[in-house]
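What follows is each chain in one-letter form.
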Amino acid sequence: MTPSVPTASAASTDDDLLRLAIDVAREAGAFVVDARRSGVEVADRKSSPVDVVTQVDRDSEALIRARLRAARPLDGFFGEEGGRGASESGLTWVVDPIDGTVNFLYGIPHYAISIGVVAGEPDPQSWEAVAGVVLNPVTGELFTARRGGGAHLDGRPIRVADAVPLAEALVFTGFAYSAQTRAEQGVAIAQLLPRVRDLRRLGTASLDLCSVAAGRANAYFERTLSPWDHAAGALIAREAGAVVKGFGDRRPDREFLLAAHPEAVDELERLLVEVGA
Ligand code: IPD
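Residues numbered from 1 in each chain as written. Predicted model: local features only at pLDDT ≥ 70, side-chain atom pairs only at ≥ 80, totals over all residues. Heavy atoms only, no water.

Student: Mind showing me how you'd approach the site of the ligand here?
Tutor: The immediate surroundings of the ligand are formed by 16 residues, with Asp99, Gly100, Thr101, Gly203 and Glu222 found nearest. The backbone of Ile98 places a nitrogen or oxygen atom 3.3 Å from an oxygen atom of the ligand. Between an oxygen atom of the ligand and a main-chain N or O atom of Thr101, the distance comes to 2.7 Å. The element that contributes the greatest number of residues to the shell around the ligand is strand β5 (residues 91–99), accounting for three residues. (Near = heavy atom within 4 Å. Polar contact = N/O pair within 3.5 Å; in protein donor to acceptor, adjacent residues only side chain to side chain. Helix = DSSP H or I, 4+ residues; strand = E, 2+ residues; numbered from the N terminus.)

Student: Can you help me understand the sheet that holds strand β15 (residues 257–260) in this one?
Tutor: Backbone hydrogen bonds are what pair the strands of a sheet, in a parallel or an antiparallel way. Strand order in this open sheet of five strands is β12-β11-β13-β15-β14, and the pairing throughout is mixed. Each edge of the open sheet is held by one strand with a lone partner, namely β12 (198–200) and β14 (243–245). Averaged over all pairs of adjacent strands, the angle between strand axes in this sheet comes to 15°, irrespective of strand direction. Relative to strand β13 (residues 219–222), strand β11 (residues 170–173) runs parallel, the two sharing three bridges. Of the residues in β13, the one forming a bridge with Phe172 is Tyr220. Strands β11, β13, β14 and β15 of the sheet are contacted by helix α5 (residues 205–213), whose axis makes an angle of about 155° with β13. (Pairing = 2+ DSSP bridges. Axes fitted to C-alpha atoms, helices over the stretch in contact; angles between N-to-C directions. Contact = heavy atoms within 4.5 Å.)

Student: Whenever I open this one, the pattern of salt bridges confuses me. Can you help?
Tutor: Close approach of charged atoms allows side chains with opposite charge to pair. Counting across every chain of the model gives 16 salt bridges. Between Glu81 and Lys46 there is a salt bridge, with its nearest N and O atoms 3.2 Å apart. Taken together, the residues span a long stretch of sequence, with Glu81 in the loop between β3 (76–79) and β4 (84–85) and Lys46 in the loop between β1 (42–45) and β2 (52–54) at a distance of 35 residues. In this structure Lys46 comes out as partly exposed when scored by relative accessible area, which is 34%. Linking Lys245 and Glu269 is a salt bridge whose minimum nitrogen-to-oxygen distance equals 2.5 Å. Taken as a pair, Lys245 in strand β14 and Glu269 in helix α7 (residues 265–275) lie far apart in primary sequence, 24 residues in all. If you follow the salt bridges from partner to partner, you end up with Asp14, Glu128 and Arg147 in one network. (Salt bridge = Lys/Arg side-chain N within 4 Å of Asp/Glu carboxyl O. Buried < 20%, exposed > 50% of the residue type's maximum accessible area, 1.4 Å probe, protein only.)

Student: Whenever I open this one, a nonpolar patch on the surface confuses me. Can you help?
Tutor: Nonpolar side chains collect at one region of the surface, where Val50, Val102, Tyr106, Ile108 and Tyr177 lie side by side and expose about 460 Å² of accessible area between them. Looking at the secondary structure, you find Val50 in the loop between β1 and β2. (Patch = residues over 30% accessible without salt bridge, like charges linked within 9 Å, V, L, I, M, F, W, Y side chains within 5 Å. Areas by Shrake-Rupley, 256 points an atom, 1.4 Å probe, with all protein chains shown as cover.)

Student: What exactly am I supposed to notice about the packing of α5 against helix α6 (residues 227–239) here?
Tutor: A pair of packed helices is characterised by two quantities: the angle between their axes and the separation of those axes. Taken N-terminus to C-terminus, the directions of α5 and α6 make an angle of 5°; their axes are 8 Å apart at the nearest point. When the axes of α5 and α6 are compared, the pair comes out roughly parallel. In this structure, α5 contributes Ala205, Ser206, Leu209, Cys210 and Ala213 to the contact, and α6 contributes Asp229, His230, Gly233, Ala234, Ile236 and Ala237. (Parallel < 35°, antiparallel > 145°, perpendicular 65-115°, else oblique.)

Student: What should I look at first to understand unusual backbone geometry in this one?
Tutor: For residues besides glycine, phi is generally negative; the peptide bonds are generally trans as well. Unlike most non-glycine residues, Asp154 shows phi in positive territory, near 50°. Within the element layout of this structure, Asp154 appears in the loop between β9 (151–153) and β10 (156–158). For Thr224, which is not glycine, the phi dihedral falls at a positive 65°. On the secondary structure map, Thr224 appears in the loop between β13 and α6.

Student: Mind showing me how you'd approach the nonpolar core here?
Tutor: Within soluble globular proteins, side chains that are nonpolar generally end up buried alongside one another. Val134, Phe143, Tyr220 and Ile236 are the most contacted members of the largest nonpolar core, which has 36 residues in total. At the level of secondary structure, the elements contributing two or more residues to this core comprise β6 (112–119), β7 (128–135), β8 (142–146), β9, β11, α5, α6 and β15. Broken down by element, the residue count for this core peaks at seven residues, all from α6. When sequence neighbours within four positions are dropped, the list of residues in contact with Ile236 reads Gly132, Val133, Val134, Phe143, Thr144, Ala145, Ala151, Ile158, Cys210 and Ala213. Of all hydrophobic cores here, the second largest spans 34 residues; its members include Ile22, Val24, Leu105 and Val117. (Core = buried A, V, L, I, M, F, W, Y, C linked by side-chain atoms within 4.5 Å.)

Given below as structure tokens:
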């Protein structure tokens with residue numbers, strides 16, 4: 001039986017929460033794809049000149065927030081584009097209304113709506129991820145998970161790829177928005193590249209995590225992620241059998257996130273530390 005989650009409103013199962021997240025992600029996805037047909041422009045720059053937001057990111061977040069609020073008024077909200085709402089139920093929705101905004105801006109069909117719901121504070125150091133959805137609205141691929149229920153792609157169970165030697169590992173990563181951090185990452189990448197099968201930088205953290213979950217990548221690591229980048233994707237990767245962690249004993253945080261097969265994760269982490277990734 002599906003365990004209940006703590007809510008002050010009508011009792012909901014994890015499945016109910018997942019179904020709501022799927023419905024809302026699909027509606028936001030349709031909106032975003034439609035909005036892109038009318039053209040997209042940068043509305044503002046955030047942490048650096050290359051960290052951009054479009055009006056569609058903002059409108060997508062507003063739509064998601066409104067739908068979640070209507071369905072579950074006591075839940076909290078924590079969105080990339082600034083939406084904040086305290087939780088009275090113990091649950092908070094952690095949302096990236098368009099993950100992969102730069103891909104979206106350029107019309108690269110690899111971006112996502114990422115919706116996670118967590119119990120506890122909206123802090124990856126302490127939250128318990130309850131359910132998560134990552135939807136690529138262009139391809140229609142829908143990755144889902146709820147705690148203890150496994151991970152699915154379009155309703156079919158997915159698993160991490162079998163562990164391979166590091167030299168044969170396909171490793172996904174991403175780069176920070178800060179030029180200084182990018183310069184450091186470039187140095188580390190130059191040392192890492194000859195030691196693995198290859199590297200990929202596809203530009204959407206939530207889909208990178210889902211790629212590990214679906215066996216399309218052996219591992220993924222990145223620095224400077226925000227909670228909305230990984231709330232849903234990390235649960236999906238874990239439920240598919242991956243370890244998702246920060247440095248050492250830490251949970252994933254802004255400093256570092258690494259996702260990989262349990263038998264491969266320690267060796268890869270040692271290598272990443274060695275090269276300063
Ligand atoms: C970004 C993407 C990118 C990752 C960045 C994220 P955004 O999210 O996930 O792949 O490298 O760290 O910030 O800004 O497009 O929502």
